[in-house]
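Observations on chain architecture
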Amino acid sequence: MTVSQVSLPASEEPEGAQPDDQSGLPPERYLDREESWLRFNERVLELAEDESIPLLERVRFLAIFATNLDEFFMVRVAGLLRRMVAGFPVEGAGVRLPRQVLDNTLELAGELTVRHARAFSERINPELAERGIELLRWKELSGAERDTLGDLFKQRIYPVLTPLVVDPAHPFPFISGLSLNLAVMIADPKTDATVFARVKVPPLLPRFLALSQSRYVPIEDVIAAHLTDLFGGVEIIEQHAFRVTRIRDLEVDEDITENLLQAMERELVRRRFEPAVRLEVEDTMSADVLDRLVTELGIDKRAVYRVSGPLDLSGLFAIADLNIGELRYPGFVPSTRAVPEETSIFTAIAERDILVQHPYDSFAASVERLIEEAAEDPRVLAIKQTLYRTSGQSPIVDALIDAAEAGKQVVVVVEIKARFDERANIAWARKLEEAGCHVVYGFVGLKTHCKMALIVREEPDGTLRRYCHLGTGNYHPTTARLYEDFGLLTADPAVGEDVTALFNHLTGYSRTGSYRRLLVAPQSLRTGIVSRIDRQADRQRAGQPARIMLKTNALVDEVVIDALYRASRVGVRVDLWVRGICALRPGIGGLSDNITVRSVLGRFLEHSRVYAFGPDEDEDAQVWIGSADMMHRNLDRRVELLVQVTDVGHQRRLRRLLHLGTDDRTSCWWLDADGHWVRHSRDEEGNPLRDVQETLIRERRVRSADD
């Protein structure tokens, strides 16, 4: 399937075009989710363009934008094309036709791609040069530097290159997804024949080759300068870099496969040959060469983006990691005081629930410590844990292996379908199995996305007590330093019973669907959220105080959005903090004029999900945290959980965060009814508004000093 092969039925009508008689809400009440995602990535780009942010952090935002857009094409654009080819409507209830959604998506993505390239070439790269960090093209190098790179080419690059010519005996080669390539036109002086050839840039070599500690050159420039070494005796007419993006979603029929692990391994091999959905080329490429690529790849010309080089700016992560302190955010050491260091972690949790917020609270001193102490404690009988994503060197996985080898019962639910981490999770699953852990590969038909750990321990009096960790983020030590997430450590019996029942559901097909302090998808999470929204609407109608505050990564689900609209219509104040996609349209008179939507992006990735219902300090108010965003996939196709936070102090802390993120005096983006995000970072006098993340960093520093 390619973009050019897409055709739509002549009778197709836009889904949701007719008035919704049941809801009584206008049909055009949802924003396009694809455009909303691109607007999110535009906010990332705005951070790269913000001169008040340290320079190397701006470089990092450029790299993040690039990797985000790669994933968007591999997953979202690919999924849209598949649905169109299959004749399915666009996911969601918007009023646009699929073809209109695709046209708008490709056009906006192209505009942002050009803006991204210009931000690098016209702003970031000159500023780097002013600070002594030079990213140079071949023509800018000195003769001595070219000689040095010539030696490097012969020793390290030339041996791994494979030039592939296209002629009657050599068909057009397969171009792997996200690989950087050179399209080369060569002429044979003996025959006057002109031939196309492709050279793949070795992916395991550095994207930018270091000439010194502060001078770098793109690797493709070095290869291009030495093409005569690859194509001896011919004339190089022209050469240009290009890059292809391919579909990267996995499709495994879990109902018929006998071994999900083996099926996933086969699918990972097959995925390499998926159709192309995007072509990026240097703007110097001739029309003839570009037409050749478009034809051979079978790609729609609207998905072809001409940009000034270099391509693949995800390689800028290496530059962003340069250890130049004054060009980066100030150093920050997470607090280790959330869990008392002088006592057993089990004693601390038994005394009271503990709420941690990463990265401000140390992941190693809380979550990792819990699993490591459980592995070492002779009183611990069993450990059960879900793993969605984790790092290459994972202390948690090592602790689970140690626990199994020590004779404890260890059950690990490894989600091997976690997008882009499938291969790593397969390796972890095999390693855990070999150590004697009981490994479950997710759940048939669903992804296991909930973050939970259960430890069963025999207390000194002979009773068994269950200790739990429930989080909003993955058990990933690296991202725990970059992602903002909450975790609840608790020995509450009600939570222990709920988590035990949920693990039994995952591993033994228990049909228990009733929980005391959990909302679990796909059984009860959407209905639980909607009923609590409706409860606030009922309170408002009855003249009682009502309030809704939600923090989530994405708000797309129409049922939840409609419930928020209904609450707004009766006067409930609704404050939403949405990091990424938002399909709700705020500020529409008579529909959403009581709803505000804010977005915070910055040093850390805002990743926690917090759902608060009722006014502050109201005795009926509730606060929930967990793994679920308000999206179809989370509510219908994943095992997710939210846990109710009952400690009054913890509730205040979570509500304070929600107030900080949605306050007009906080630096953030405001969403308008047309789907545009407007940045509010300075007050009327031009002074910077409050930064949520810097505020929390300062508070942890003060708290640590007081301790």
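Everything below is about the structure shown above.
Note that the structure is a prediction, hence the values are computed from the model and not measured.

1. Structural notes on the packing of aromatic side chains
- With the rule as written, the count across this model stands at 10 aromatic pairs.
- Arranged with centres 6.0 Å apart and planes meeting at 90 degrees, the rings of Phe72 and Phe73 form a pair that is edge-to-face.
- By the ring-pair criterion, three or more aromatic residues cluster together here, those being Trp37, Phe40, Phe72, Phe73 and Tyr305.
- Of note, Arg207 hangs over the ring of Phe208, and the distance from its end group to the ring centre comes to 4.9 Å.

2. What about the sheet that holds strand β3 (residues 180-187)?
- Taken in spatial order, the 6 strands line up as β2-β4-β3-β7-β8-β9 in an open sheet, and their pairing is mixed. Both edges of this open sheet fall to β2 (164-166) and β9 (304-307), since each of them pairs with a single strand only. Neighbour-to-neighbour, the strand axes of the sheet open up by a mean angle of 30 degrees, direction not taken into account.
- Here helix α8 (residues 287-297) sits on the sheet and contacts β2, β3, β4 (194-200), β7 (235-246), β8 (276-282) and β9; the angle it forms with β8, its principal contact strand, is near 165 degrees.

3. Some details on the packing of helix α1 (residues 33-49) against helix α3 (residues 98-130)
- At a minimum axis separation of 10 Å, α1 and α3 run at an interaxial angle of 5 degrees. It follows from the interaxial angle that α1 and α3 lie roughly parallel. Facing Glu34, Glu35, Leu38, Arg39, Glu42, Leu45, Glu46, Ala48 and Glu49 of α1, the residues of α3 in contact are Val101, Asn104, Thr105, Leu108, Ala109, Leu112, Arg115, His116, Ala119, Arg123 and Ile124.
- Broken down by class, the residue content of the contact of α1 with α3 amounts to 9 nonpolar, 3 polar and 8 charged.

4. Let's talk about the sheet that holds strand β5 (residues 208-210)
- The 3 strands are arranged β1-β6-β5 in an open sheet whose pairing can be described as mixed. Among the strands making up the open sheet, the edge pair consists of β1 (134-135) and β5.
- In this structure, β1 lies alongside strand β6 (residues 215-218), joined through 2 bridges in parallel fashion. Each bridged residue has a counterpart across the sheet, and for Glu134 the counterpart in β6 is Arg215.

What counts as what
Residues numbered from 1 in each chain as written. Predicted model: local features only at pLDDT ≥ 70, side-chain atom pairs only at ≥ 80, totals over all residues. Heavy atoms only, no water. Phe/Tyr/Trp six-rings, centres within 6.5 Å; stacked < 30°, edge-to-face > 60°. Lys NZ or Arg CZ within 6 Å of the ring centre and 35° of its normal. Pairing = 2+ DSSP bridges. Helix = DSSP H or I, 4+ residues; strand = E, 2+ residues; numbered from the N terminus. Axes fitted to C-alpha atoms, helices over the stretch in contact; angles between N-to-C directions. Contact = heavy atoms within 4.5 Å. Parallel < 35°, antiparallel > 145°, perpendicular 65-115°, else oblique. Nonpolar A, V, L, I, M, F, W, Y, C, P; charged D, E, K, R; others polar.

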